[in-house]
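Now for the letters of each chain:
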Amino acid sequence: MINKLPWLTPQIMDSRQQLQAGKLPHGLLLVGRPGDGLHQMGEHLANTILCGKAEAPCGQCKACQLFLAGTHPDYRLLEPEGKSETIKIEPIRAMSAFMSGTAQQGGARVVRLRSAERMNTSAANALLKVLEEPGRDSFLILESESLSRLLPTVRSRCRIIKLAVPDQNKANAYLEGEAIAPAERPLRLIMSEGAPLTAAALDSSAMSRWREQAEAFSSQGRMTELAAFLAKQPARDALQQLLLWVDESIRCRYTGAVKLVDQDKLLVDRLKQPPLTSLFRFRDYILEIEDSLNRQANLNQQLWSEQLAARWLELTG
Ligand SMILES: [Zn+2]
């Protein structure tokens, strides 16, 4: 899998060299987007550490075979659980006991924490103890999309590795490898903000909804009809697309060329007219709705759709 993600290679090589020189820190914090290969990188590093060979992961040794079978006794993966999608204190305590024990295979012990930013405060405090007194040959790999949502005390005890982001050529090559048709690649990369794994996983209904929304916002000049359209869309996707137009338009005021294509590009062009302050106010309004949705899932979509449509038409009219 990892050789499909060549933009990660330099960081993987670095970590392997440090491991072999005995200089790899016990706490590693990978920061990046899942769509750029965040979790694949975490898994690969875990495999590399457990293998420990010069060309790790070799894929041949006992450690590699156990790891690939998902049965390596010196490896644990912690993920958010339950409806609240939180990492709570109990699994962290159990992990702490595991880390201070003895490795069954005689090598290293590795624990991965997916979505580490979803630890609650007591879990994070329990984790701090593990980071302060790591057992011998034990490694903790934290994977997070958001550095700012982790406690500073946790961050400061880890080596932070910010995931490299693929350029457009590498992202396109990845999509080619996943047999995505050339004509679909630009839109997929726009929708996923350039994250290739997300781009490859998009389904066709999400893509046609995206095209429909661009079409509606391009052609619909009446508030009631635009609002009626918006009220029927999945809220988060609709807002994400609007935000993308606004952000792209703001970026273009500073750096020129529009990166989007087709109808999305036309909409960004239309947003070049209003003053920057109005654009920022509109942007704040979109973020406010997103925020309300996060706190209150049953927010009246009809109501905000009308307000949003009215503000859009005022902005672009
Ligand atoms: Zn191996």
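All figures in this text were calculated on a predicted structure; none of them were measured in a lab.

K.L.:
I'm lost on the overall build of the protein in this one. Help?
P.N.:
Looking only at helices and strands, the protein features 15 helices and five strands. A principal-axis box enclosing the C-alpha atoms of the protein has dimensions of 70 × 40 × 35 Å. For the protein, with 317 residues in total, the buried portion stands at 33%. Partitioning the contacts of the protein with sequence separation of at least 6, the portion at a separation of at least 24 is 72%.

K.L.:
Before we go on, may I ask you to explain the packing of helix H12 (residues 235–255) against helix H14 (residues 276–295) in this structure?
P.N.:
When two helices pack together, their arrangement is given by the angle between the helix axes and the distance between those axes. Across the interface, H12 lies against H14 with an axial gap of 10 Å and an inter-helix angle of 155°. Comparing the axis directions of H12 and H14 gives the class roughly antiparallel. Of the two possible hands of crossing, H12 and H14 adopt the one that is left-handed. Contacts between H12 and H14 involve Ala 235, Arg 236, Leu 239, Leu 242, Leu 243, Val 246, Ser 249, Ile 250 and Arg 253 from the first element and Leu 276, Leu 279, Phe 282, Arg 283, Ile 286, Ile 289, Glu 290 and Leu 293 from the second. Considered class by class, the residues forming the contact of H12 with H14 number twelve nonpolar, one polar and four charged.

K.L.:
I'm lost on the sheet that holds strand S1 (residues 27–31) in this one. Help?
P.N.:
Pairing between the strands of a sheet is mediated by backbone hydrogen bonds and can be parallel or antiparallel. Taken in spatial order, the five strands of this open sheet run S2-S3-S4-S1-S5, and their pairing is parallel. Here the strands that pair on one side only, and so sit at the sheet edges, are strand S2 (75–78) and strand S5 (159–162). The average undirected angle you get between the axes of adjacent strands in this sheet is 15°. In this fold helix H2 (residues 38–51) packs onto S1, S2, strand S3 (109–113) and strand S4 (138–144), with an angle of close to 175° to the strand it touches most, S4.

K.L.:
What is the right way to read the domain arrangement of the protein from this model?
P.N.:
As a measure of interface size, the accessible area lost when the parts come together is often cited. When its domains are assigned, the protein resolves into domain 1 (2–162), domain 2 (167–201) and domain 3 (203–316). Measuring from the centre of the C-alpha atoms in domain 1 to the corresponding centre in domain 3 gives 38 Å.

K.L.:
I tried to follow helix H3 (residues 62–69) on my own but got confused; where do I start?
P.N.:
Owing to its 3.6 residues per turn, the α-helix brings residues three or four apart onto one side. Within H3, burial applies to Ala 63, Cys 64 and Phe 67. For H3, the arc enclosing every buried residue in end-on projection is 95°, short of the 170-degree limit, so these residues lie on one face. Among the exposed residues of H3, those pointing more than 90 degrees away from its buried face are Lys 62 and Ala 69. Here the buried face of H3 lies against H2 and S2. Positive backbone phi, at 75°, marks Gly 70, one or two positions downstream of H3.

K.L.:
I would appreciate a short explanation of unusual backbone geometry in the present structure.
P.N.:
For residues that are not glycine, phi is negative in most cases, and the peptide bond is trans in most cases. With an omega dihedral of -5°, the bond running from Ala 56 to Pro 57 counts as a cis peptide bond. Position of Pro 57 relative to the elements: it lies in the loop between H2 and H3. Positive phi, close to 50°, is recorded for Glu 85, a residue that is not glycine. Here Glu 85 is to be found in the loop between S2 and helix H4 (89–100).

K.L.:
Teacher, can you tell me more about the environment of Ser 249 here?
P.N.:
With respect to the element layout, Ser 249 can be found in helix H12. Taking the C-beta count within 10 Å as the criterion, Ser 249 has 23 such neighbours and is therefore assigned buried. Here the alpha-carbon distance between Ser 249 and Lys 4, two residues 245 residues apart in the chain, equals 33 Å. The residues touching Ser 249, leaving out its near neighbours within four places in the chain, are Val 268, Leu 271, Lys 272 and Leu 279.

K.L.:
Help me out: how do you make sense of H2 in this one?
P.N.:
Taking 1.5 Å of rise per residue, the 14 residues of H2 would be expected to cover 20 Å, and the 20 Å separating its terminal C-alpha atoms lies within 8% of that figure. Burial analysis of H2 places twelve of its 14 residues in the buried class, which makes it a mostly covered element. All buried positions along H2 are accounted for by Leu 38, Met 41, Gly 42, Glu 43, His 44, Leu 45, Ala 46, Asn 47, Thr 48, Ile 49, Leu 50 and Cys 51. Phi turns positive, to about 75°, at Gly 52, one or two residues after H2.

Cut-offs applied
- Residues numbered from 1 in each chain as written.
- Predicted model: local features only at pLDDT ≥ 70, side-chain atom pairs only at ≥ 80, totals over all residues.
- Helix = DSSP H or I, 4+ residues; strand = E, 2+ residues; numbered from the N terminus.
- Buried ≥ 20, exposed ≤ 12 C-beta atoms within 10 Å, placed from the backbone.
- Contact = placed C-beta atoms within 7 Å.
- Axes fitted to C-alpha atoms, helices over the stretch in contact; angles between N-to-C directions.
- Parallel < 35°, antiparallel > 145°, perpendicular 65-115°, else oblique.
- Left-handed = near helix turned anticlockwise from the far one by under 90°.
- Nonpolar A, V, L, I, M, F, W, Y, C, P; charged D, E, K, R; others polar.
- Pairing = 2+ DSSP bridges.
- Domains from an automatic or database assignment.
- Arc of directions from axis to C-beta.
- Expected span 1.5 Å × (residues − 1).

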